[in-house]
Amino acid sequence: MSTNREFFYRKIHSLLGVIPLGAFLIVHFMINYQAVNGPEAYNVAAGFMEKLPFLLVMEFVLIYIPILFHGIYGLYIAFQAKHNTSTYSYFRNWMFRLQRISGVITIIFVAWHVWDTRIQKAFGAEVNYDMMANIVDNPLALAAYIISIIAASFHLANGLWSFAVTWGITVSPRSQLIATYVTMGFFIVMSFIGIRAILAFV
Amino acid sequence: MSEKTITLKIKRQKTHDSDPYFETFNIPYRENMNVISALMEIRRNPVNDKGEATTAVAWDSSCLEEVCGACSMVINGKPQQSCSALIDKLEQPIKLEPLNTFPVTRDLVVDRSRMFDSLKRVKAWIPIDGTYDLGPGPRMPEPKRQWAYELSKCMTCGVCLQACPNVNSKSEFIGPAALSQVRLFNAHPTGEMHKAERLETIMDGEGGLTNCGNSQNCVQACPKGIPLTTSIAALNRDTTLQSFKNFFGSDRI
């Protein structure tokens, strides 16, 4: 009897990071970016998302359950590593380490972020431009947001790189190198979108 | 008499469970020495830098030409073979430590059994035994043989496991060496007959292929320049396809 449960968990962990979580992060950043066009534009975009049918089911299936699995299993993976960048300061070894650091930052941030927005909404608060503007009015909160936007963008971008390796898409060193350039370009683009959006609430 | 000396700082350990300590030795310089010949010099006259008589440093070696992998140790922070580590090319004091990802037996001697167990686990050979003469196997195209030869250079030295951040006491990861051997034996025309079985082995249980975190230290550290990360990525593709075959249903072999 084959018991390749670990193989299955790892593959699911890798897949969930891209679909739905990666896709969700991109949509989330795009909605946020509407704030650049002013509070009304943001409220319309956020309101559109809130009016989607079966919202709660979609939230659970596409966001909460995947993020809990990816986050908790990811923490288990992250703390299994014994980092050795001081001895082997190669680029990929640093990316390996940063992937774990950025993942831990992101999961801590997400816990706080969900508490501050989605759970407050469940308690009756209204999610709109003013809510975010109030949160980032505190410079510490703003700093936490900026750091976490960078961390989440990096984690997704570099995660796409390792997704391609894990599923056997990029096998040759050359394809892996090109994937590094593409995913790091994606990291910069995502960070720009995310940071410009959050600064629109200041 | 030459006044030049070589200073070696060696991490020592009396038994597998005793505490490690450093001991420094100064030995006379000779031309063209390697780390092994420096260790032989210490064995000839086991006196440390304080002038105290001590036990000779234990180390492992066999071929002395970088093909057996037995003399691997961490030299000035870098895991490598001590037979091909030339004294003239090393910064002094030369720091020697055991490959501590493995259980240390004594001083610089480590127990690499887990690597050999891994090779047995993945069937890193070509099974040809049967109840009758199977006759000659299919021939291998020459370009493929040349390509496979690069993978066959692995000497199970343990440097890749030492460099891997995911091979440690908290993880069961099999490590890059045995994985690359799966690719080698699956590429062989006769070995291919057990392809699915080998893939199942590295997909099965704990510490298999998916434990690789793509830090890619192994390929940088490998003294034989084996494309270990390419092997891992190629196996990722093979095991992905194998898992689809297993789940959705198809001929498994």
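All figures in this text were calculated on a predicted structure; none of them were measured in a lab. (Residues numbered from 1 in each chain as written. Chains lettered and ligands numbered in written order. Predicted model: local features only at pLDDT ≥ 70, side-chain atom pairs only at ≥ 80, totals over all residues.)

Student: Hey, could you go over the sheet that holds strand β1 (residues 5-12) of chain B for me, with residue numbers and the actual values?
Tutor: Residue and element names in this part refer to chain B. The five strands lie next to each other as β2-β1-β5-β3-β4, forming an open sheet whose pairing is mixed. The sheet terminates laterally at β2 (21-28) and β4 (78-81), the two strands that pair on one side only. Averaged over all adjacent pairs, the angle separating strand axes in this sheet is 30°, with direction ignored. Bridge count for strand β3 (residues 72-75) against β4 is four bridges, and the pairing is antiparallel. Directly across from S72, in β4, lies its bridge partner Q81. (Pairing = 2+ DSSP bridges. Helix = DSSP H or I, 4+ residues; strand = E, 2+ residues; numbered from the N terminus. Axes fitted to C-alpha atoms, helices over the stretch in contact; angles between N-to-C directions.)

Student: Before we move on, could you go through the UniProt feature "transmembrane region" (unreviewed entry) in chain A and cite the residues and values that matter?
Tutor: In the numbering used here, UniProt assigns the "transmembrane region" (unreviewed entry) feature to residues 12-33, 53-77, 98-115, 142-165 and 177-199 of chain A. Helix makes up 92% of residues 53-77 of chain A and strand 0%, with an end-to-end C-alpha separation of 35 Å. (UniProt positions renumbered as here; feature names shortened; annotations may be inferred.)

Student: Mind laying out helix α7 (residues 139-166) of chain A, listing which residues take part and the relevant values?
Tutor: With 28 residues, α7(A) should reach 40 Å at 1.5 Å per residue; the first-to-last C-alpha distance of 39 Å fits that figure. At the C-terminal side of α7(A), A:G168 shows a positive phi close to 75°. (Expected span 1.5 Å × (residues − 1).)

Student: Help me get a handle on the packing of helix α5 (residues 91-122) of chain A against α7(A), residues and values and all.
Tutor: Residues and elements named next belong to chain A. Across the interface, α5 lies against α7 with an axial gap of 8 Å and an inter-helix angle of 130°. In terms of axis orientation, α5 runs oblique to α7. In this structure, the crossing between α5 and α7 has a hand that is left-handed. From α5, M95, L98, Q99, S102, G103, I105, T106 and F109 reach across to α7, where they touch A144, I147, S148, A151, A152, F154, H155, N158 and G159. Its residues placed into classes, the contact of α5 with α7 shows nine nonpolar, eight polar and no charged. (Parallel < 35°, antiparallel > 145°, perpendicular 65-115°, else oblique. Left-handed = near helix turned anticlockwise from the far one by under 90°. Contact = placed C-beta atoms within 7 Å. Nonpolar A, V, L, I, M, F, W, Y, C, P; charged D, E, K, R; others polar.)

Student: Describe in detail the interface of chain A and chain B, supporting the description with residues and values.
Tutor: It is common to give the size of an interface as the accessible area lost on bringing the parts into contact. The interface is formed by 27 residues belonging to chain A together with 27 residues belonging to chain B. The set of elements that each furnish at least two residues to the side of chain A that touches chain B consists of α1 (5-18), α5 and α7 of chain A. Top element by residues in the side of chain A that touches chain B is α1(A). It accounts for four residues. Class assignment for the residues of the side of chain A that touches chain B results in nine nonpolar, 13 polar and five charged.

Student: I'd like a description of unusual backbone geometry, backed by residues and values.
Tutor: Cis geometry is found at the peptide bond from A:I19 to A:P20, where omega equals 10°. Among the structural elements, A:P20 can be located in the loop between α1 and α2 (21-33). Phi at B:N76 takes a positive value of approximately 45°, unusual for a residue other than glycine. Along the chain, the position of B:N76 falls in the loop between β3 and β4. In this structure B:N76 comes out as partly exposed when scored by C-beta crowding, with 15 C-beta atoms within 10 Å. Despite not being glycine, B:Q216 has its phi angle at roughly 60°, a positive value. Relative to the elements of secondary structure, B:Q216 occurs in the loop between α6 (195-203) and α7 (217-221). (Buried ≥ 20, exposed ≤ 12 C-beta atoms within 10 Å, placed from the backbone.)

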